[in-house]
Structures are given as C-alpha cells and as structure tokens.
Amino acid sequence: MKKIFSVGAVFAVLATSAVPAAATTVELAFETTQTGAITSTGYSESGYSFDVLSGGNFGTTSINLNFGNPGGAFFIGLFGMAATLQPGQAFELSSDAATPFALLQFDIANNNRPGEQSATFDVVGVTGNAQTVLLDGAGSTSTTYATRQVSTDMFDSFLFVIDNPSGASLFLDNILVTDMAAVIPIPAAAPLFGGVLIAGAAVARRKVASSSATLKVVKI
C-alpha cells in the first residue's frame, strides 16, 4: 500500500526544519584610543571582550598603540621583561553575545629581543567545564609578526594561559574569530515550495478523476 503525504504534512515537516545562516568573521585589530593595563575593566572590541582572570594585571597586559601589525597591539609583559609574569596567569577572550565562536588565528611577535624565545602561553578552548588545549607553548623568537593558526572548532570562550613566563614579552594582533552560524527556520523559504506542492496535488487529483471516468459498470 502506498503512503500518501498531504501538503499540510509536508509544511509541518518544513516548519520544524532549520538552515544555518552565514557565519560572521571579525578581526580584533586593537585600533583604539584605550591604553594602559587591562585589569578588572577589561577591553572590548567588535562584540568580543578580553578579561584578566588571575594574576593581578597579568604582569602588564595592555593595549600598545605603537607596535601593532599595523597600529595597536595586545601587549603581554613589562617592557621586555616578562619574568614579572607567573605560570598559570590567564586572560579570557569571550563573545559579548555569549554565543559559541572559533578562534581562527592571530599574529604574534616578541617585543624587542630578536632571536630570543619569548614567554610562552597555551591557548585553551572552553565549553562548560570542559577545556581543550589548542596551542601548547605558543611564543615567538622574532620581532617580525607571524601568523599562528589555531582552530575552526567552536567554544564558549578561550583562555590564554602563561606556560613559561621567562623571555621577551609579547605582542598579539589581528585576532581572527568567527561566530557560530545562526539558525534560521525554513518557513521563511516555504512559499518557494508551495507552488510545486499544490501543482503536484492538482496532478494527483486529475489522475484520480481520469481513472474514475474510464471505469465501466458491468451488470450481471
């Protein structure tokens, strides 16, 4: 026996469906007039925020307007002496909308000691109570910026955790993030299918009518 689905049933299925919208990619470039240490006040740009979680003001964590790639940069250390940092000190990158996002990449350079290993840090993705190390011991031996790839995986937030505090201080710039694609219900597109479904139903009715017309009644 064939199963016949009504037009209403098809629309009911469509009503429970959804399609993803395009994700939004943002570059955090620190082109700002805000300077000085980032402590409890934090720093926000383009819908994302940096907050110091531990270690006072993270040695000196600040926006420096002179050494970016180009323009401003996120500075970690104390004028080339990152020994003021301590292992385990951390700052957090989160979305102001409290939605999952991916940290794709960032530019990194050490402050002013060419050839010397900078302080290093881990990049950790956080979702709920789960933590995933995405970069282990990230740092730089060059005063020229280089791009470090991170991950396309989505997390609630990201931690930058000091791993080894000794060595030159660091600059981070051009942090590229992308949010989770928004979900849009399909009913907005359902009218596109309406004509096809109605036409299909009309064809089916015509076939039934045609079949009925050719039936012959035989008297016994």
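Quick note: structure is the one above.
Attention here is on the structure that accompanies the text. Since the structure is predicted, the reported quantities are computational estimates derived from the model, not experimental observations. (Residues numbered from 1 in each chain as written. Predicted model: local features only at pLDDT ≥ 70, side-chain atom pairs only at ≥ 80, totals over all residues. Heavy atoms only, no water.)

Describing the overall build of the chain
Along the backbone of the chain there are two helices and 15 strands. When each of the 220 residues of the chain is scored for burial, the buried share is 39%. Contacts in the chain between residues far apart in sequence, at least 24 positions, make up 78% of those at least 6 positions apart. Approximately 12100 Å² of the chain is accessible, and the part contributed by carbon and sulfur atoms is 60%. (Helix = DSSP H or I, 4+ residues; strand = E, 2+ residues; numbered from the N terminus. Buried < 20%, exposed > 50% of the residue type's maximum accessible area, 1.4 Å probe, protein only. Contact = heavy atoms within 4.5 Å. Areas by Shrake-Rupley, 256 points an atom, 1.4 Å probe, with all protein chains shown as cover.)

Side note on the pattern of salt bridges
What the rule picks out here adds up to one salt bridge. Between Glu116 and Arg113 there is a salt bridge whose closest N-O contact spans 2.9 Å. Judged by its relative accessible area of 30%, Glu116 is partly exposed. (Salt bridge = Lys/Arg side-chain N within 4 Å of Asp/Glu carboxyl O.)

Considering unusual backbone geometry
At the junction of Asn69 and Pro70, the peptide bond is cis and its omega measures out at -5° in the coordinates. Checked against the element boundaries, Pro70 lands in the loop between β6 (61-64) and β7 (73-76). We note that Phe30 has phi near 60°; this positive angle belongs to a residue other than glycine. A relative accessible area of 0% places Phe30 in the buried class. One non-glycine residue, Asn174, lies in positive phi territory at about 50°. Among the secondary structure elements, Asn174 is positioned in strand β14 (residues 170-179). For Asn174, a relative accessible area of 10% corresponds to the buried category.

Overview of the side chain of Ser151
Counting through the fold element by element, Ser151 comes out in the loop between β12 (146-149) and β13 (157-164). Owing to a relative accessible area of 12%, Ser151 belongs among the buried residues under this scheme. A polar contact of 3.0 Å, which involves the side chain of Ser151, links it to the backbone nitrogen of Asp153. With residues near it in sequence (within four places) discarded, Ser151 still touches Ala102, Leu103, Leu104 and Leu134. (Polar contact = N/O pair within 3.5 Å; in protein donor to acceptor, adjacent residues only side chain to side chain.)

Here's the deal with the environment of Asp163
On the secondary structure map, Asp163 appears in strand β13. Residue Asp163 is classed as partly exposed on the basis of its relative accessible area of 38%. Along the chain, Asp163 and Gln89 lie 74 residues apart, while their C-alpha atoms are 8.4 Å from each other. If we ignore the near neighbours within four places in the chain, the residues touching Asp163 are Pro87, Thr120, Phe121, Asp122, Asp136 and Gly137.

Brief notes about the pairing of strand β9 (residues 101-110)
When you tally the buried positions in β9, you get nine out of 10 residues, the bulk of the element. Sheet analysis places β9 next to β14, joined by eight bridges and oriented antiparallel. Along β14, the bridge assignment pairs Gln105 with Leu176. Pairing analysis gives four bridges linking β9 to β12, with the strands arranged antiparallel. Bridge assignment links Ile108 to a residue of β12, and that residue is Ala146. (Pairing = 2+ DSSP bridges.)

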